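Working through the structure, step by step
Read off the chains here:
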Amino acid sequence: MDVFEAVAEPHRRHLITLLAERERTAGELVDSLPSLTQPAVSRHLRVLRETGLVEVRPDGQRRIYALKPEGLQRIDDWITPYRRFWRTHLDALRQHLESE
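Below you will find a few notes about this structure. This one's a predicted model, so the numbers in the text were calculated from it and none came from an experiment. (Residues numbered from 1 in each chain as written. Predicted model: local features only at pLDDT ≥ 70, side-chain atom pairs only at ≥ 80, totals over all residues. Heavy atoms only, no water.)

Overview of the side chain of arginine 24
Here arginine 24 shows up in strand β1 (residues 24-25). For arginine 24, the side chain forms a polar contact with the main-chain oxygen of leucine 18, separated by 3.1 Å. Those residues in contact with arginine 24, other than ones at most four positions away along the chain, are Leu18, Leu19, Leu29, Arg63, Ile64 and Tyr65. (Helix = DSSP H or I, 4+ residues; strand = E, 2+ residues; numbered from the N terminus. Polar contact = N/O pair within 3.5 Å; in protein donor to acceptor, adjacent residues only side chain to side chain. Contact = heavy atoms within 4.5 Å.)

Let's talk about the pattern of salt bridges
Side-chain pairing between opposite charges can occur once the charged atoms of the two side chains come close. Tallying each qualifying case throughout the model produces 7 salt bridges. For glutamate 50, the salt bridge goes to arginine 46, with nearest N and O atoms at 3.9 Å. Of the two residues, glutamate 50 and arginine 46 are both situated in helix α4 (residues 38-50); the distance of 4 residues between them amounts to about one turn of the helix. Judged by relative accessible area, arginine 46 falls into the partly exposed class, the value being 35%. (Salt bridge = Lys/Arg side-chain N within 4 Å of Asp/Glu carboxyl O. Buried < 20%, exposed > 50% of the residue type's maximum accessible area, 1.4 Å probe, protein only.)

As for the packing of aromatic side chains
Counting across every chain of the model gives 2 aromatic pairs. Look at phenylalanine 4 and tryptophan 78: their rings are 6.1 Å apart centre to centre, the planes differ by 75°, and that puts the pair in the edge-to-face class. Here the residue phenylalanine 4 occupies a position in helix α1 (residues 3-8), and tryptophan 78 occupies one in helix α5 (residues 73-79), the gap between them amounting to 74 residues. Phenylalanine 4 gets classed as partly exposed once you look at its relative accessible area, which sits at 30%. Ring geometry for tryptophan 78 against tyrosine 82: centres 5.2 Å apart, planes inclined by 45°, an arrangement best described as tilted. For tryptophan 78, a relative accessible area of 51% puts it in the exposed group. An aromatic cluster is present here, built from Phe4, Trp78 and Tyr82 joined pairwise through their rings. (Phe/Tyr/Trp six-rings, centres within 6.5 Å; stacked < 30°, edge-to-face > 60°.)

Describing the environment of leucine 53
Considering the arrangement of structural elements, one finds leucine 53 in the loop between α4 and β2 (54-59). Owing to a relative accessible area of 0%, leucine 53 belongs among the buried residues under this scheme. Sequence separation of leucine 53 and leucine 19 is 34 residues, and the distance between their C-alpha atoms is 10.0 Å. Setting aside residues no more than four positions away along its own chain, leucine 53 makes contact with Val3, Ala6, Val7, Ile16, Leu48, Ala66, Leu67, Lys68, Gly71 and Leu72.

The following block contains the structure:
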C-alpha cells in the first residue's frame, strides 16, 4: 500500500491528525476511535507504520506512536503543482478583506 491509499481511509486520517498534535500511546489512539476494536486500530497503525507515516517506540509496557512528517513528503510533492490555485484564491480573499 502506498501513502495515498493509507491516507484515503478516514480512520487513518484521524490518527494522523491526533499524532500531528503530539505523540500518543497506543491506548490513547484506541480510545480516540470508540467505534473500532483494538485490533482494528492496531491494523490501521500498522498500515501507517509500513507506509512511513508514523513510528513507534516501546516505553516500558506501552507503545508510543509519533508522526513522521517526512512520510507526508510524497503527498506534498504531488500537491505542489496545484498550490497556485490556492494562492490565487487566498490572494483574492486577502484583497477582499483588506478593501473592507
